[in-house]
Amino acid sequence: MIKRLNYGMVGGDLNAFIGGVHRVAASFDGRTQLAAGCFNPNAEPNKECGEFLGLDSDRVYKDYVEMAAKESAREDGINFVTIAAPNNMHYLVAKTFLLHGINVLCEKPLSFEVSEGEELKKIANEKGLLFAVNYAYSGNNMVKEARELVEQGVIGDIINVNAEYLQEWLIDDIGAGDNTMNKLSVWRKDPKLSGSSNCVGDIGTHIEHTVSYITGLKVKRLAAKMDYFGQPLDLNANILVEFDNGSHGVFSSSQVCVGHMNGLVVRIFGTKGSIEWVQENPNILSVTLKGKPTQIYNRGMSYVSKRSAQMSRIPSGHPEGLYEAFANIYKVWVNANLKKLNGDEFSKYDDDFPSIDDGIAGVKFVHACLASNKNGGNWVDVD
Ligand SMILES: NC(=O)c1ccc[n+]([C@@H]2O[C@H](COP(=O)([O-])OP(=O)(O)OC[C@H]3O[C@@H](n4cnc5c(N)ncnc54)[C@H](O)[C@@H]3O)[C@@H](O)[C@H]2O)c1
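Residues numbered from 1 in each chain as written. Predicted model: local features only at pLDDT ≥ 70, side-chain atom pairs only at ≥ 80, totals over all residues. Heavy atoms only, no water.

Mind showing me how you'd approach the nonpolar core here?
When a protein is soluble and globular, its nonpolar side chains tend to lie buried together. Within the largest apolar cluster, 44 residues are counted, with the highest numbers of intra-cluster contacts made by Leu-222, Ile-239, Phe-251 and Leu-285. When residues in this core are grouped by element, the largest group, 7 residues, is from helix H9 (residues 199-215). In contact with Leu-285, other than residues within four places in its own chain, are Met-142, Glu-145, Ala-146, Leu-149, Ile-275, Glu-276, Trp-277, Gln-295, Ile-296 and Tyr-297. Ranked by size, the runner-up nonpolar core spans 31 residues in total, among them Val-10, Ala-85, Tyr-91 and Ile-102. (Core = buried A, V, L, I, M, F, W, Y, C linked by side-chain atoms within 4.5 Å. Buried < 20%, exposed > 50% of the residue type's maximum accessible area, 1.4 Å probe, protein only. Helix = DSSP H or I, 4+ residues; strand = E, 2+ residues; numbered from the N terminus. Contact = heavy atoms within 4.5 Å.)

So this is what it looks like as structure tokens:
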């Protein structure tokens, strides 16, 4: 029986933001080993990163094409690849690894075009490979609790959603033209590297996915107003959405809201009550039943559901955060890969990681926002 997986990484050198978070998260449960990588397109930082991470030099590759070819030819080749490179690479890198028979965990957004996402799904299905898209907030323990409460009907039928993801980190881009200082913003504001949207593609899709995960609803159509403030890509967006159960919601996505750092907040309103989850205070969930005072659910306490309890790592009161949310995605993902390798049947929650369909839904959401904004904020079908 196989108990551990080798994996590789594309992107995520020593100066990158999210690659290091992936490596820490993947290591939480001791069932993965980073075995190969192409962390940077330039030889020196790529080598430096491989050495720092203790990789064999022959498994630090000059590019992802060589990596996929050589790893797929090895007996001890990687079981999956994590793609933590800028957006423009996701489709090409994912396709290359799939074609070499390697499972893929890809950062969001899945691809620039919907057709590219659908092509990746087709290849993965034809080859019987697993594919995850890292909408990591759905790995949060109390997001899983929220989903469970909605599924159990605790707040009744969903009648309204109000969700926001507010950041301030690009405020200096307003009116700055090309003269922007923020390191992380450099590729995010370049359409060739980021895609056709910055703010909605980068964080708006997290709103869309987190809401969809908790409620089980899909955005059917939307009306969006996006603000560019003189930049090539959007920095701010207000989006009115209609879900497939006929209810409506408001998504507010911004990188220019002073005073907000990483403010993902999701409020779900039902006929019997409401739920609120705040990413910057992720260990609690506020639940209010009609006519009752608000109850605070704490992660890891005896009253939470099995679904979230089994993802709790340390006793309640010890904060779990972004690393644990990523680690929870990896926990389910690695378990699914091991089950598949060992020929075991999947049971409930074994596929509870963000799927390629979620990735495609995210790309459709971005395109619908752009189309609506272009038409003056008119309603646009997402599918
Ligand atoms: N799920 C989340 O919560 C989350 C959070 C942050 C970033 N992301 C996503 O992760 C991705 C990376 O974002 P980031 O902030 O870490 O970016 P970053 O700029 O900090 O890092 C990008 C890395 O990719 C590497 N890279 C670039 N071109 C490459 C190539 N041709 N071959 C190999 N490596 C290459 C760079 O050297 C760098 O190490 C983006 O798609 C972003 O949307 C997701």
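Which parts of the structure should I look at to understand the domain arrangement of the protein?
Quoted interface sizes are often the accessible area lost when the parts come together. Domains assigned within the protein are domain 1 (5-133) and domain 2 (139-314 + 360-381). Contact residues are listed per partner, giving 17 residues for domain 1 and 18 residues for domain 2. Summing both sides of the interface, domain 1 and domain 2 together bury roughly 1400 Å²; the carbon and sulfur share of this comes to 60%. By the criterion of area lost to domain 2, the three top residues of domain 1 are Lys-108, Phe-112 and Val-114, representing 34% of everything that side buries. There are 3 salt bridges connecting domain 1 and domain 2. Notably, a salt bridge pairs Lys-108 with Asp-202, separated by 3.0 Å at the nearest N-O pair. Each residue belonging to the side of domain 1 that touches domain 2 can be placed in one class, and the counts come to 7 nonpolar, 5 polar and 5 charged. (Domains from an automatic or database assignment. Buried area = accessible area lost by both parts, 1.4 Å probe. Salt bridge = Lys/Arg side-chain N within 4 Å of Asp/Glu carboxyl O. Nonpolar A, V, L, I, M, F, W, Y, C, P; charged D, E, K, R; others polar.)

Looking at this model, I keep getting lost on the side chain of Asn-283. Mind explaining?
When you line up the elements, Asn-283 lands in the loop between strand S11 (273-278) and strand S12 (284-289). We classify Asn-283 as buried; its relative accessible area is 14%. Within the structure, Asn-283 has its side chain in polar contact with the side chain of Arg-299 (distance 2.6 Å). Engagement of the side chain of Asn-283 in a polar contact is seen with the backbone oxygen of Glu-320, the distance being 2.6 Å. (Polar contact = N/O pair within 3.5 Å; in protein donor to acceptor, adjacent residues only side chain to side chain.)

I keep staring at the site of the ligand and nothing clicks. Help me out?
In the vicinity of the ligand lie 25 residues, with Asp-13, Phe-17, Asn-87, Glu-107 and Trp-187 positioned nearest. For the ligand, an oxygen atom lies 3.2 Å from a polar atom in the backbone of Phe-39. Relative to its unbound accessible surface of 850 Å², the ligand loses 88% to contact with the protein. Elements with a minimum of two residues in the shell around the ligand: helix H7 (185-188) and H9. Class assignment of the residues belonging to the shell around the ligand gives a composition of 13 nonpolar, 7 polar and 5 charged. (Near = heavy atom within 4 Å. Areas by Shrake-Rupley, 256 points an atom, 1.4 Å probe, with all protein chains shown as cover.)

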